[in-house]
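The primary structure of each chain is shown beneath.
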Amino acid sequence: MGIKKVAVIGAGSMGHQIAMLSALNGFQTTLQDINEHALKKAKDQLEKRMQEWVDKNKLTQEQKDVAFRNLYVTTSMEEAAVDADLVIEAVVEKLEIKQEVFQQLDQFAPKKTILATNSSTIVSSKLAEVTSRPDKVCNMHYFFPPLVMDCIEVVRNEKTSDETIAAVMEYCNNIGRYPVLMEKEIYGFIANRLLFAISNEAIRLYEQGYADFKDIDMVAKKALAHPLGPFEIMDLSGIDVGYYANLELYKETGDPKDKPAKSLQEKVKEGHLGRKTGKGWYDYSKKGVETS
Ligand SMILES: NC(=O)c1ccc[n+]([C@@H]2O[C@H](COP(=O)([O-])OP(=O)(O)OC[C@H]3O[C@@H](n4cnc5c(N)ncnc54)[C@H](O)[C@@H]3O)[C@@H](O)[C@H]2O)c1
């Protein structure tokens, strides 16, 4: 089955760019969010970003205009899902909310429609079980920011059909991304499992007073040739995103070693979530000044 129409549910940091990427590559795309303000912000951000691409000759004015004609926004999930071939869910990382969204999507979308989740950690079998089409459910895990990062982890659950995987892999190729297929689902997939291992160790070293977080970042960059240190990555992707992902893992395993670190919990409580709030591990409020 060929994918022509795409719906993206959730217009936050990920969803608005996932939708733009789709529209830029010729797919009729509907971006849905329950929050009207989120949709307005998404449109403003995309307009600004695409204009920058035009100014830098990465995109022609005509390509930009066509892409925006392909992109439609709505607060109605029914309207978004009713004629979609592929729905990509990108709402907050909370299982109960995602299950509710999948139940609604299952009602509104035609039987042929593939329902994918962009969750960073939640395996698709947990969402497939609330639908009547488990064979058409899988993970499509994009990386932040989706307009730049060109890899997508596609993860099948036990019931995902070969046709679903083939259609999703083809779609990823058609939007200029490298899909990596995981044949079996596991919490955190590939990239985040590697990242968790590094960031958990980095936080342990910091919280137990072995080294300052800036020095840990320095070692990751200078000695391991990582482009960013683990604390810089936490600030970039959102400290709350990592915190809630950790919380989900802890709820699942009950293992004390999976409990979110104290310093992450404090930062979430204080609202210091990283770049998006101007402060996380580093301070982004004054250009060129970075203090803890
Ligand atoms: N931020 C990242 O780096 C990153 C990377 C990969 C994957 N993800 C995953 O993508 C998903 C979204 O993350 P984000 O960072 O974009 O979150 P975000 O908080 O920026 O955006 C979430 C959006 O979902 C909307 N929403 C909430 N409930 C909804 C509902 N019932 N129906 C429609 N919209 C609803 C909110 O209004 C908000 O605009 C999460 O599952 C996250 O794990 C995030």
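Preceding this paragraph is the structure being described.
Residues numbered from 1 in each chain as written. Predicted model: local features only at pLDDT ≥ 70, side-chain atom pairs only at ≥ 80, totals over all residues. Heavy atoms only, no water.

Focus: the side chain of His141
Stated precisely, the cut-off is as follows: Each helix corresponds to a stretch of at least 4 residues labelled H or I by DSSP, and each strand to a stretch of at least 2 residues labelled E; elements are numbered beginning at the N terminus. Burial classes follow relative accessibility: with a 1.4 Å probe on protein chains only, a residue under 20% of its type's maximum area counts as buried, one over 50% as exposed, and anything between as partly exposed. We call two residues in contact whenever any of their non-hydrogen atoms come within 4.5 Å of each other.
Along the polypeptide, His141 turns up in strand 6 (residues 137-141). Residue His141 is classed as buried on the basis of its relative accessible area, which comes to 3%. Aside from chain neighbours lying at most four places away, what touches His141 is Thr117, Asn118, Ser119, Ser120, Cys151, Ile152, Glu153, Phe189 and Asn192.

A few points about the packing of helix 9 (residues 213-222) against helix 10 (residues 230-237)
For clarity, the cut-off: Structural elements are reduced to axes, namely lines fitted to C-alpha atoms, with helices fitted over the stretch in contact, and the angle between N-to-C directions of any two is expressed from 0 to 180 degrees. Just so you know how the angles are binned, under 35 degrees is roughly parallel, over 145 roughly antiparallel, 65 to 115 roughly perpendicular, and the rest oblique.
Two numbers describe how helix 9 lies on helix 10: the axes approach to 7 Å, and their chain directions differ by 100°. The angle between the axes of helix 9 and helix 10 places the two elements in the roughly perpendicular class. Judged by residue contacts, Phe213, Ile216, Asp217, Ala220 and Lys221 of helix 9 engage Pro230, Phe231 and Glu232 from helix 10.

Brief notes about a nonpolar patch on the surface
The condition that has to hold: Patches here: salt-bridge-free residues with over 30% relative accessible area, like charges joined within 9 Å, nonpolar side chains (Val, Leu, Ile, Met, Phe, Trp, Tyr) joined within 5 Å. We get accessible surface area from the Shrake-Rupley algorithm with a probe of 1.4 Å; when it comes to residues, only the shown protein chains can shield them. Salt bridges are identified by distance alone: a Lys or Arg side-chain nitrogen within 4 Å of an Asp or Glu carboxyl oxygen.
A cluster of nonpolar side chains, Phe144, Leu228 and Leu236, forms an exposed patch at the surface whose accessible area comes to about 210 Å². Structurally, Leu228 can be placed in the loop between helix 9 and helix 10. The exposure class assigned to Leu228 is partly exposed, which follows from its relative accessible area of 32%.

Some details on the state of the cysteines
Stated formally: Counting rule for disulfides: a pair of cysteine sulfur atoms within 2.5 Å.
Applying the stated rule across the entire model yields zero disulfides. With no disulfide of its own, Cys138 lies 8.4 Å from the sulfur of Cys172, the closest cysteine sulfur. By relative accessible area, which is 0% here, Cys138 ends up buried. You can see Cys151 has no disulfide; the closest cysteine sulfur is in Cys172, sitting 9.3 Å from it. Classification of Cys151 by relative accessible area gives partly exposed; the value is 27%.

Digging into unusual backbone geometry
Of the consecutive residues Phe144 and Pro145, the connecting peptide bond is found in the cis state with omega at -5°. Here Pro145 is to be found in the loop between strand 6 and strand 7 (151-156). Within the chain, Phe189 stands out as a residue other than glycine whose phi angle is a positive 55°. Along the chain, Phe189 turns up in the loop between strand 8 (178-182) and helix 8 (191-207). With a relative accessible area of 1%, Phe189 lands in the buried category.

A few points about the packing of helix 8 against helix 10
Condition: Helix crossings get a hand from a simple test, with the near helix turned counterclockwise from the far one by less than a right angle marking a left-handed crossing and a clockwise turn marking a right-handed one. Throughout this entry, Asp, Glu, Lys and Arg are counted as charged residues, while Ala, Val, Leu, Ile, Met, Phe, Trp, Tyr, Cys and Pro are counted as nonpolar. The remaining residues, Gly among them, count as polar.
Relative orientation of the contacting elements helix 8 and helix 10 amounts to 115°, with a least axis distance of 9 Å. Regarding the angle of helix 8 to helix 10, the classification is roughly perpendicular. The interaxial crossing formed by helix 8 with helix 10 has left-handed handedness. Between helix 8 and helix 10, the contacting residues are Leu195, Ile198, Ser199, Ala202, Ile203 and Tyr206 on the first element and Pro230, Phe231, Ile233 and Met234 on the second. Partitioned by chemical class, the residues of the contact of helix 8 with helix 10 number nine nonpolar, one polar and no charged.

As for the pattern of salt bridges
Considering all chains together, one arrives at 16 salt bridges under this definition. The partner of Lys221 in a salt bridge is Glu232, with the nearest N and O atoms 2.9 Å apart. Of this pair, Lys221 sits in helix 9 while Glu232 sits in helix 10, and the two are eleven residues apart along the sequence. Close ionic contact of Lys262 with Glu266 constitutes a salt bridge, the shortest N to O distance being 3.9 Å. Residue Lys262 and its partner Glu266 are both found in helix 12 (residues 262-270); the two are separated by four residues, about one turn of the helix. We classify Lys262 as exposed; its relative accessible area is 59%.

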